[in-house]
2 protein chains.
Amino acid sequence: MNPIPEPSVERLLILARLLDRLDVQFITSGEIEARTGWSSNTIRKDISYLEGSFASPAGYDREKLSGAIKTALGLDKPQRFCVVGLGRLGSAYLNYPAFAEEGYELVAGFDSSVNRIEILRSPVPLYPAYKMAEVISRFQISLALLCVPPEEAQHATDRLVAAGIKGIINFAPVVLQVPEGIQVRNVNVVDELRAISATIQCS
Amino acid sequence: MNPIPEPSVERLLILARLLDRLDVQFITSGEIEARTGWSSNTIRKDISYLEGSFASPAGYDREKLSGAIKTALGLDKPQRFCVVGLGRLGSAYLNYPAFAEEGYELVAGFDSSVNRIEILRSPVPLYPAYKMAEVISRFQISLALLCVPPEEAQHATDRLVAAGIKGIINFAPVVLQVPEGIQVRNVNVVDELRAISATIQCS
DNA sequence: CGGTGTGAATCTATTCACAGCA
DNA sequence: TGCTGTGAATAGATTCACACCG
């Protein structure tokens, strides 16, 4: 595998989303520009990092292109993930059906409160936090949604890392410390509001 | 105001978060490196875009630095925002207290279903969708959380833009088309899972 | 000294311009 | 002719290296 530049990866991910919701057979780089705002040059360059050919004089074959992006970015391989912290947010994800359609299988939920685990009704098996290492390695879970309160976030992260997790989606307003190679993505509405404020201010 | 590079802005936002949760008087660029993984060079360069001095031989004055970041990025000016689409996700935000503490005031909720507006109990005034333009301009609302179903997202966006909104946080798995100058940030757990998969694959 | 601040050098990404193809 | 694909040129961000300051 080649190293596709990070910014190109981000754009290709969004492009795959776009293509999957479109109802045409072909699309040109110019049309993608109109829909995304990225220049057609950038788009063609991004696509050139993929292997294979999806082009015709009418533009790219939508379906083939979408498939090639997913293959190149590893989105075709299904992944197992877990939810850590079963408060309001975490427990909401236990019943969220869209994951499976996208190739992400939720196979475990963890919480440090045994009481909470016993009370919650869930289609997904729930475990006390101390079983994290065992369950993660047994089911080969690669990703985690981290939904614990801020003061517990780093501790939970350390456990996940020790258990061999590959990536964490962090909902806590905290900067997590992880060893190199572990991916973290932060999801936080306030931070997004701030980012927009900042962009407006700096432009 | 100067144009701080985009990547620096993103890092400074995270740095502000970090500083606010820390309990020390001074912090050096090396300590920030240990916590974030960014090189101390990068951090010093980022900080150099700010105006003023917060340095001592012991490092940066945590509080002053945090303040300077917020001023430079416009986080000190309170902003008003609204929620569009009052389904499960949207209505959850109506009762979320953390916004106010961060300087973001939720002043309106919109939904196209009048019925839903009448039924929902909310500390925030709710309006039918057709009043969007009027309410947004009356209260000078600058930001919106877009929580409508995917098929309505573009239509709602067009209305928000027409009403003069400055930025949109989009929870729908859709690529929004907006005129230049309108900020959009996408928030979507599946996309974050995908981004991690891709980063793992491409590294 | 242990830190910061910053021009200069390097590395990376984007844009351009045009050759090649159906 | 209208598109893609891509080396070359430009612009931008990161890293380096060292002067400077308390």
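Worth saying up front: this structure is predicted, and the values here are computed from it rather than measured.

## What to know about the packing of aromatic side chains
For step 1, the next point in the chain: Counting across every chain of the model gives 12 aromatic pairs over all chains.
For step 2, the next point in the chain: Summarising the aromatic geometry, the rings of Phe81 of chain A and Phe99 of chain A are spaced 4.9 Å apart at their centres and angled 70° between planes, so their arrangement reads as edge-to-face. Placement of Phe81 of chain A in strand S4 (residues 79-84) and of Phe99 of chain A in helix H6 (residues 98-101) is noted, with a sequence separation of 18 residues between them.
For step 3, the next point in the chain: Residue classification places Phe81 of chain A among the buried residues on the basis of a relative accessible area of 0%.
For step 4, the next point in the chain: A residue is classified by how much of its surface remains accessible, and Phe99 of chain A, at 2% relative accessible area, is buried.
For step 5, the next point in the chain: Summarising the aromatic geometry, the rings of Tyr93 of chain B and Phe99 of chain B are spaced 6.0 Å apart at their centres and angled 55° between planes, so their arrangement reads as tilted. Taken individually, Tyr93 of chain B and Phe99 of chain B each receive the classification buried, so the pair is uniform in this respect.
For step 6, the next point in the chain: Ring pairing ties together the aromatic residues Phe81, Tyr93, Tyr96, Phe99 and Phe171 of chain A, which thus form one cluster.

## As for the protein's contact with DNA strand C
For step 1, the next point in the chain: Surrounding DNA strand C, one finds 17 residues, the nearest of these being Arg11 and Thr42 of chain A together with Ser29, Arg44 and Tyr60 of chain B.
For step 2, the next point in the chain: Protein-adjacent atoms of DNA strand C, using a 4 Å cutoff, are sugar or phosphate at a proportion of 61%.
For step 3, the next point in the chain: One of the side-chain nitrogen or oxygen atoms of Asn41 of chain A is found 3.3 Å away from a base nitrogen of DNA strand C.
For step 4, the next point in the chain: One of the side-chain nitrogen or oxygen atoms of Arg44 of chain B is found 2.8 Å away from a base oxygen of DNA strand C.
For step 5, the next point in the chain: Among the elements that line the surface near DNA strand C, the one with the most residues is helix H3 (residues 40-48) of chain A, at 4 residues.
For step 6, the next point in the chain: Partitioning the surface near DNA strand C into residue classes produces 5 nonpolar, 6 polar and 6 charged.

## Some details on the pattern of salt bridges
For step 1, the next point in the chain: Scanning the entire structure with this criterion turns up 20 salt bridges over all chains.
For step 2, the next point in the chain: Its salt-bridge partner being Glu102 of chain A, residue Arg17 of chain A comes within 2.7 Å of it at the nearest N-O pair. Of this pair, Arg17 of chain A sits in helix H1 (residues 6-20) while Glu102 of chain A is found in the loop between H6 and strand S5 (104-111), placing the two residues 85 residues apart along the sequence.
For step 3, the next point in the chain: Residue class for Glu102 of chain A comes out partly exposed when judged on its relative accessible area of 23%.
For step 4, the next point in the chain: Note that Asp20 of chain B is salt-bridged to Lys70 of chain B, the shortest N-O span being 2.7 Å. Here Asp20 of chain B, found in helix H1 (residues 6-20), pairs with Lys70 of chain B, found in helix H4 (residues 62-73); they are 50 residues apart in sequence, far enough to count as distant.
For step 5, the next point in the chain: A relative accessible area of 36% means that Asp20 of chain B is categorised as partly exposed.
For step 6, the next point in the chain: A single network of salt bridges, built from pairs that share partners, joins Arg17 and Glu102 of chain A together with Asp191 and Arg194 of chain B.

## Remarks on the sheet that holds strand S6 (residues 126-128) of chain B
Residue and element names in this part refer to chain B.
For step 1, the next point in the chain: Strand order in the open sheet made by the 6 strands is S6-S5-S4-S7-S8-S9, with parallel pairing throughout. The open sheet has two edge strands, S6 and strand S9 (183-186), and neither has a second partner. The sheet shows a mean angle of 25° between the axes of neighbouring strands, direction not considered.
For step 2, the next point in the chain: Across 4 bridges, the pairing between strand S7 (residues 143-146) and strand S8 (residues 167-170) is parallel. Within S8, the residue paired with Leu143 across the bridge is Gly167.
For step 3, the next point in the chain: Sheet contacts for helix H9 (residues 150-162): strand S4 (79-84), S7 and S8; angle to S7, the most-contacted strand, approximately 170°.

## Topic: the relation of the copies chain B and chain A
For the pair of chain copies, the relating operation is a rotation around an axis with a shift along it.
For step 1, the next point in the chain: When chain B is fitted onto chain A, the two copies agree to an RMSD of 0.0 Å after a turn of 180° and an axial shift of 0.0 Å. Such values leave the two copies arranged in the relation of a two-fold axis. When C-alpha distances to the rotation axis are compared across chain B, the minimum falls at Val187 of chain B, with a value of 3.6 Å.
For step 2, the next point in the chain: When the interface residues of chain B are mapped onto chain A, 100% of them are again interface residues, pointing to one common binding face.

## Re the domain arrangement of chain A
For step 1, the next point in the chain: Its domain assignment divides chain A into domain 1 (6-73) and domain 2 (79-191).
For step 2, the next point in the chain: Centre-to-centre separation of domain 1 of chain A and domain 2 of chain A, based on C-alpha positions: 32 Å.

## Notes on the protein's contact with DNA strand D
For step 1, the next point in the chain: In the neighbourhood of DNA strand D, 17 residues make up the surrounding shell, with Ser29, Arg44 and Tyr60 of chain A together with Arg11 and Thr42 of chain B lying closest.
For step 2, the next point in the chain: With respect to DNA strand D, the side chain of Ser29 of chain A contributes an N or O atom lying 2.5 Å from a phosphate oxygen.
For step 3, the next point in the chain: Take Asn41 of chain B: an N or O atom from its side chain is 3.3 Å from a base nitrogen of DNA strand D.
For step 4, the next point in the chain: Listed by contribution, the elements that provide at least two residues to the surface near DNA strand D are H3 of chain A together with H1 and helix H3 (40-48) of chain B.
For step 5, the next point in the chain: Of all the elements, H3 of chain B adds the most residues to the surface near DNA strand D, at 4 residues.
For step 6, the next point in the chain: Considered class by class, the residues forming the surface near DNA strand D number 5 nonpolar, 6 polar and 6 charged.

## Looking at helix H10 (residues 189-202) of chain B
All names here are of chain B.
For step 1, the next point in the chain: Here H10 contains 14 residues, and its C-alpha end-to-end distance of 20 Å stays within 8% of the 20 Å for a straight helix at 1.5 Å per residue.
For step 2, the next point in the chain: Here H10 lies mainly inside the structure; 12 of its 14 residues are buried.
For step 3, the next point in the chain: All buried positions along H10 are accounted for by Val189, Val190, Glu192, Leu193, Arg194, Ala195, Ile196, Ser197, Ala198, Thr199, Gln201 and Cys202.
For step 4, the next point in the chain: Between the side-chain oxygen at the start of H10 and the backbone nitrogen of Val190 there is a gap of 2.9 Å, and the oxygen is on Asn188.

What counts, and at which threshold
- Residues numbered from 1 in each chain as written.
- Chains lettered and ligands numbered in written order.
- Predicted model: local features only at pLDDT ≥ 70, side-chain atom pairs only at ≥ 80, totals over all residues.
- Heavy atoms only, no water.
- Phe/Tyr/Trp six-rings, centres within 6.5 Å; stacked < 30°, edge-to-face > 60°.
- Helix = DSSP H or I, 4+ residues; strand = E, 2+ residues; numbered from the N terminus.
- Buried < 20%, exposed > 50% of the residue type's maximum accessible area, 1.4 Å probe, protein only.
- Near = heavy atom within 4 Å.
- Polar contact = N/O pair within 3.5 Å; in protein donor to acceptor, adjacent residues only side chain to side chain.
- Nonpolar A, V, L, I, M, F, W, Y, C, P; charged D, E, K, R; others polar.
- Salt bridge = Lys/Arg side-chain N within 4 Å of Asp/Glu carboxyl O.
- Pairing = 2+ DSSP bridges.
- Axes fitted to C-alpha atoms, helices over the stretch in contact; angles between N-to-C directions.
- Contact = heavy atoms within 4.5 Å.
- Least-squares fit on C-alpha atoms with pLDDT ≥ 70 in both.
- Domains from an automatic or database assignment.
- Expected span 1.5 Å × (residues − 1).

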